[in-house]
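The residues making up each chain are set out below.
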Amino acid sequence: MSFERQKILVLGGGYAGLQTISNLQKKLSFQDADITLINRDEYHYESTWLHETAAGTIDWERGTYPINKVVDTQKVKFVPAAVTAIHKDEQRVETNQGDFEYDILVVALGFESESFGIDGMDEHAHTIVDPETAIAARQEIEKNFANYRSSGDEKDLSILVGGGGFTGVEFLGELTVSIPELCERYAIDKNKVKITCVEAMPNMLPMFPENLVDYAVNYLEDRGVEFKVGTPIISANEDGFVVKADDEEQQIEANNVIWTAGVRGNSLMEASFDGVKRGRIVVTPDLTIEGYDNIYAIGDVAAVMNGEGEDARPYPTTAQIAMQLGQHTAKNIALTLNKERRVPFEYDDKGTVCSLGPNDGIGLVFGREIKGRKAAFMKRVIDSRAILQVGGPMLAYSKGKLL
Ligand SMILES: Cc1cc2nc3c(=O)[nH]c(=O)nc-3n(C[C@H](O)[C@H](O)[C@H](O)COP(=O)(O)OP(=O)(O)OC[C@H]3O[C@@H](n4cnc5c(N)ncnc54)[C@H](O)[C@@H]3O)c2cc1C
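Residues numbered from 1 in each chain as written. Predicted model: local features only at pLDDT ≥ 70, side-chain atom pairs only at ≥ 80, totals over all residues. Heavy atoms only, no water.

Colleague: When you look at the pattern of salt bridges in this model, what are you seeing that I'm missing?
Modeller: Once their charged atoms are close, side chains differing in charge can pair, the charge on each being opposite to the other. Tallying each qualifying case throughout the model produces 18 salt bridges. For the salt bridge of R40 with D130, the shortest nitrogen-to-oxygen distance reads 3.9 Å. Of the two residues, R40 is situated in the loop between β2 (33-39) and β3 (43-45) and D130 in the loop between α3 (121-124) and α4 (131-151); the sequence distance between them amounts to 90 residues. Classification of R40 as partly exposed rests on a relative accessible area of 46%. Where K155 meets D239, a salt bridge forms, and the shortest distance between an N and an O atom there is 2.9 Å. Placement of K155 in the loop between α4 and β11 (158-162) and of D239 in the loop between β14 (233-237) and β15 (240-245) is noted, with a sequence separation of 84 residues between them. Each of the salt bridges in this network shares a partner with another, and the network as a whole consists of E90, R92, E94 and D99. (Salt bridge = Lys/Arg side-chain N within 4 Å of Asp/Glu carboxyl O. Helix = DSSP H or I, 4+ residues; strand = E, 2+ residues; numbered from the N terminus. Buried < 20%, exposed > 50% of the residue type's maximum accessible area, 1.4 Å probe, protein only.)

Here's what the structure looks like:
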């Protein structure tokens, strides 16, 4: 079997990009292809753990590892660089470390925060989208709690979470653990802390059955979280959110404001491709872009449809699907190099677990409902499995959550 030595360029070292790389390096030899991975940082971070960093239940380093630890440097060249432009017709990518040409391109540049045009949200609220933003949110809360001792300002102890979706709920779960610790550290009466979650939709967590949602809400309410559901946020300002409740605009005051309700694909997508909506491009069943069968778009920059025709909808963007897309892309690239037909992607949905802090959660796994400690354990298995798949048992042992 002989392959032409093609230039394969993978952009982004998140779940989708690293799965592509780890599977390519298993499938291909140095003679088959010249493989380059470009990622903004020298390390990979577990995006699905960022709410823990933001709440302060783990240090940010805990959910990161050097990319060079998982790259086979005999086969793959890793370049830490920021991609600044993709020129699809010239088969060239610009970065802050120079230009890179390719024969086959894999775009896996992940997600950004999306404020849906809510006035003042970008200026006044923290987000949880990468280690920097998660650390900033954490530092803001810590600074305000420390400040309360001299200010006596109740807003310093008020935390406002925009969005009661998956990320919002997981973040609230971590706060119920970290805030009592913070109160102890700064000798603050924990009953003075106010945690409020504002959700525009009347129902939270639509991916779970009602009884599991009730369990999550009751669990968080018992630990001091107040929910305002069916309450749209009109704007954000330096005092918190202006919301619409009972047909009236109300100001909810807080000095700790975190927006968790919206993500979109990387904005480089709009700048580089046609037909991109909210940073996501619809991909063909083999995960390439229409008209460019040498360009794959995977992970949060891709809209992967669950079928064909008018009723087809994109699958929700998650780490679970991002990893499967990475594996499939590596398979299709190997088939292409071997002059075989690419195969369509099929999503294997194994379920979802939403944590409520480190010791509780809710989940639907292989169609079965789970909650409580069982769900928390399953979440640790899922978190560790992602590392095991890319980095093997040693990395899973040192970075995973099972020990
Ligand atoms: C707090 C939180 C909790 C979540 N929990 C879950 C969960 O429990 N389960 C689940 O399935 N999903 C969860 N998600 C969603 C999940 O994290 C994303 O769907 C997943 O990270 C997408 O993978 P990706 O590879 O597309 O992007 P990412 O993992 O974001 O990776 C993108 C990579 O590209 C790099 N990059 C970005 N721009 C550039 C550039 N210009 N140049 C170079 N490199 C760049 C980034 O640094 C990053 O390394 C959660 C998300 C958040 C924020």
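From this point, the narrative continues.
Colleague: What's the story with the sheet that holds strand β5 (residues 76-80) in this structure? I'm lost.
Modeller: Sheet strands pair via backbone hydrogen bonds, and the direction of the pair is either parallel or antiparallel. Overall, mixed pairing links the six strands, which are arranged β5-β2-β1-β9-β21-β20 in an open sheet. Because the sheet does not close on itself, it has two edges, and the strands there are β5 and β20 (288-289). Sheet topology note: the β2/β5 ladder contains five bridges and is parallel. When the bridges of β5 are listed, L37 appears paired with F78. (Pairing = 2+ DSSP bridges.)

Colleague: Looking at this structure, how should I read the domain arrangement of the protein?
Modeller: Accessible area lost when the parts come together is the quantity often used to give the size of an interface. You can read the domains of the protein as domain 1 (6-40 + 81-113 + 264-340) and domain 2 (121-261). A separation of 35 Å is found between the C-alpha centroids of domain 1 and domain 2. Opposite the four residues of domain 1 that make contact, domain 2 presents six residues. Around 310 Å² of area is buried between domain 1 and domain 2 when both sides are counted, 53% of it from carbon and sulfur atoms. The largest per-residue losses of area from domain 1 upon contact with domain 2 belong to R40, F111 and S113, which jointly make up 96% of the total buried on that side. Our count for the contact surface shared by domain 1 and domain 2 stands at one salt bridge. In this assembly, domain 1 and domain 2 are joined by zero residue pairs in polar contact (both at pLDDT 80 or more). Across the side of domain 1 that touches domain 2, the residue classes break down as one nonpolar, one polar and two charged. (Domains from an automatic or database assignment. Contact = heavy atoms within 4.5 Å. Buried area = accessible area lost by both parts, 1.4 Å probe. Polar contact = N/O pair within 3.5 Å; in protein donor to acceptor, adjacent residues only side chain to side chain. Nonpolar A, V, L, I, M, F, W, Y, C, P; charged D, E, K, R; others polar.)

Colleague: Hey, could you run me through the packing of aromatic side chains in this one?
Modeller: How two aromatic rings sit relative to each other is set out by the distance from centre to centre and by the angle between their planes. Overall, the coordinates contain three aromatic pairs when judged by the stated rule. Where Y215 meets Y219, the ring centres are 6.4 Å apart and the plane angle is 25°; that geometry is what we call stacked. A residue pair is termed a helical-turn pair when its members lie 3 or 4 positions apart in one helix, as Y215 and Y219 do in helix α6 (residues 210-222) at four residues. One residue, R5, lies across the ring of F30, its end atom 4.2 Å from the ring centre. (Phe/Tyr/Trp six-rings, centres within 6.5 Å; stacked < 30°, edge-to-face > 60°. Lys NZ or Arg CZ within 6 Å of the ring centre and 35° of its normal.)

Colleague: Looking at this model, I keep getting lost on the site of the ligand. Mind explaining?
Modeller: Taken together, 33 residues surround the ligand, and among them N39, V83, D300, A319 and K379 come closest. In the model, an oxygen atom of the ligand is placed 2.7 Å from a nitrogen or oxygen of the K379 side chain. Surface burial for the ligand is 91%, taken as the share of its 1,000 Å² of free accessible area covered by protein chains. Here the residues of the shell around the ligand sort into 14 nonpolar, 14 polar and five charged. The residue makeup of the shell around the ligand includes at least three contributed by each of domain 1 (6-40 + 81-113 + 264-340) and domain 2 (121-261). (Near = heavy atom within 4 Å. Areas by Shrake-Rupley, 256 points an atom, 1.4 Å probe, with all protein chains shown as cover.)

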